[in-house]
Amino acid sequence: MKKFNFLSFIVIMACLFGCTQTPEKADDYDMRRRQVGEYFLSSGVTRYFLPEVPYWANFSEAGSCRRDGVMKFFELSKVRDSLSLNYEQAIQLQLMFNNELRKLKESNEVDHIPFKEEERLFFRVSEQIQAGIRVFRIPKYKKLNLLWVDPLINEGKEKKLKALVNSERFADGHPVFLTLCKSRFAMETWMRKEGLANKNIRLLTYELLTPFSLEGELSTRYHIYLSDLFEEKSIVLYAPRGKTVPKVFEGKYKTKFY
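Notes on the structure follow. All figures in this text were calculated on a predicted structure; none of them were measured in a lab. (Residues numbered from 1 in each chain as written. Predicted model: local features only at pLDDT ≥ 70, side-chain atom pairs only at ≥ 80, totals over all residues. Heavy atoms only, no water.)

## A look at the sheet that holds strand E3 (residues 143-148)
Here is step 1 of the chain: Spatial strand order, E5-E4-E3-E8-E10: 5 strands in an open sheet with parallel pairing. The strands lining the two open edges of the sheet, one partner per strand, are strand E5 (202-204) and strand E10 (254-257). With strand direction ignored, the average angle separating the axes of adjacent strands in the sheet is 30°.
Here is step 2 of the chain: With 3 bridges connecting them, strand E4 (residues 174-178) and E5 associate as parallel partners. Bridge assignment links Leu178 to a residue of E5, and that residue is Leu204.
Here is step 3 of the chain: In this fold helix H7 (residues 158-165) packs onto E3, E4 and strand E8 (234-239), with an angle of close to 170° to the strand it touches most, E3. (Pairing = 2+ DSSP bridges. Helix = DSSP H or I, 4+ residues; strand = E, 2+ residues; numbered from the N terminus. Axes fitted to C-alpha atoms, helices over the stretch in contact; angles between N-to-C directions. Contact = heavy atoms within 4.5 Å.)

## What to know about the pattern of salt bridges
Here is step 1 of the chain: One pass over the structure, following the stated rule, counts 13 salt bridges.
Here is step 2 of the chain: Lys116 is the salt-bridge partner of Glu119, the closest N and O atoms lying 3.4 Å from each other. With Glu119 and Lys116 both in helix H5 (residues 115-130) and 3 residues apart, this pair spans about one turn of that helix.
Here is step 3 of the chain: Of the residues examined, Lys116 reaches a relative accessible area of 34% and is grouped as partly exposed.
Here is step 4 of the chain: Here Glu194 ties to Lys162 by a salt bridge, and the two come within 3.2 Å at their closest N and O atoms. Here Glu194, found in the loop between helix H8 (184-193) and E5, pairs with Lys162, found in helix H7; they are 32 residues apart in sequence, far enough to count as distant.
Here is step 5 of the chain: What emerges from the salt-bridge pattern is a single network uniting Glu52, Lys72 and Glu118. (Salt bridge = Lys/Arg side-chain N within 4 Å of Asp/Glu carboxyl O. Buried < 20%, exposed > 50% of the residue type's maximum accessible area, 1.4 Å probe, protein only.)

## Structural notes on the pairing of strand E7 (residues 218-225)
Here is step 1 of the chain: Of the pairings in the sheet, the one linking strand E6 (residues 210-212) to E7 comprises 2 bridges and is antiparallel in character. When the sheet's bridge partners are listed, Thr210 is paired in E7 with His223.
Here is step 2 of the chain: Between E6 and E7, which pair antiparallel in sequence order, lie 5 residues; one of them, Gly216, sits at a positive phi of approximately 90°.
Here is step 3 of the chain: Of the pairings in the sheet, the one linking E7 to strand E9 (residues 249-250) comprises 2 bridges and is parallel in character. The partner of Ile224 across the bridge, within E9, is Phe249.

## Some thoughts on the nonpolar core
Note on soluble globular proteins: their nonpolar side chains tend to be buried together.
Here is step 1 of the chain: Of all hydrophobic cores here, the largest spans 48 residues; its most connected members are Leu146, Leu204, Ile224, Leu226, Phe230 and Phe249.
Here is step 2 of the chain: Secondary structure elements with two or more residues in this core: helix H3 (76-83), helix H4 (87-108), H5, E3, E4, E7, helix H9 (226-229) and E8.
Here is step 3 of the chain: Broken down by element, this core gets its largest block of residues, 8 residues, from H4.
Here is step 4 of the chain: Contact partners of Ile224, with chain neighbours within four places excluded, come to Tyr87, Leu204, Leu208, Leu209, Leu229, Val248, Phe249 and Glu250.
Here is step 5 of the chain: Ile153, Met191, Leu203 and Val236 belong to the second-largest nonpolar core, a separate cluster that totals 18 residues. (Core = buried A, V, L, I, M, F, W, Y, C linked by side-chain atoms within 4.5 Å.)

## Quick word on the packing of H4 against H5
Here is step 1 of the chain: At a minimum axis distance of 9 Å, the contact between H4 and H5 shows a crossing angle of 135°. Overall, the two elements H4 and H5 adopt an arrangement that is oblique. Here the hand of the crossing between H4 and H5 comes out right-handed. Taking contact as the criterion, the partners of Gln89, Gln92, Leu93, Met96, Phe97, Glu100 and Leu101 in H4 are, on H5, Glu118, Leu121, Phe122, Arg124, Val125, Ser126, Gln128 and Ile129.
Here is step 2 of the chain: Split into classes, the residues belonging to the contact of H4 with H5 amount to 8 nonpolar, 4 polar and 3 charged. (Parallel < 35°, antiparallel > 145°, perpendicular 65-115°, else oblique. Left-handed = near helix turned anticlockwise from the far one by under 90°. Nonpolar A, V, L, I, M, F, W, Y, C, P; charged D, E, K, R; others polar.)

Shown next, in the form of structure tokens:
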């Protein structure tokens with residue numbers, strides 16, 4: 001009886017295992033797992049990113065909506081400490097990174113891009129932030145009229161929204177549309193559809209939200225710190241009558257109901 005050859009056994013098992021694996025298709029790029037090596041090749045930018053919110057949890061309870069696509073939330077305290085950024089700069093960096101990331105995915109027709117590409121994008125956008133470049137440009141006007149648009153859009157009341165924007169009481173400050181539901185890309189698309197693209201209305205979209213407090217503590221809800229984003233501004237927030245103003249809107253502002 002021949003002795004058992006352990007090395008032969010290993011070779012046979014490896015062959016069987018390899019032969020039973022489903023071959024990966026070249027056109028399945030979007031569904032592939034990222035290579036483990038990518039995590040270790042990164043220079044450390046990935047430590048700024050929180051895990052992506054899964055589809056089932058990607059919604060706004062206050063806005064009564066599901067969000068259009070995933071985004072990368074930053075761990076703001078690490079970003080601020082590493083790059084010496086204030087709150088406004090850090091949250092603008094998050095917005096600009098996600099906005100450019102969406103464009104990059106669309107141009108390559110993929111759902112994910114390699115970490116190295118994300119890394120290069122992060123550094124490029126951070127340089128733009130340091131240079132004073134912004135996607136969301138803060139109005140120079142002293143008074144800002146912020147309109148929470150989600151309830152009106154959800155209920156199909158675009159005519160009421162336009163009437164409010166064109167009213168005298170809304171004309172005494174620079175208009176800003178505030179949404180907890182739509183990305184900047186989705187909001188710009190909606191604005192063009194509704195004929196509002198040329199109204200010089202600024203768009204404060206959900207990419208400017210953060211789950212971290214100003215002190216860098218991970219919270220149990222999202223925040224947007226209006227007083228810190230709009231320093232030395234007089235802020236009026238317009239919200240629908242009968243609805244509770246979401247706690248996500250923080251800072252000093254006056255509330256008016258429509």
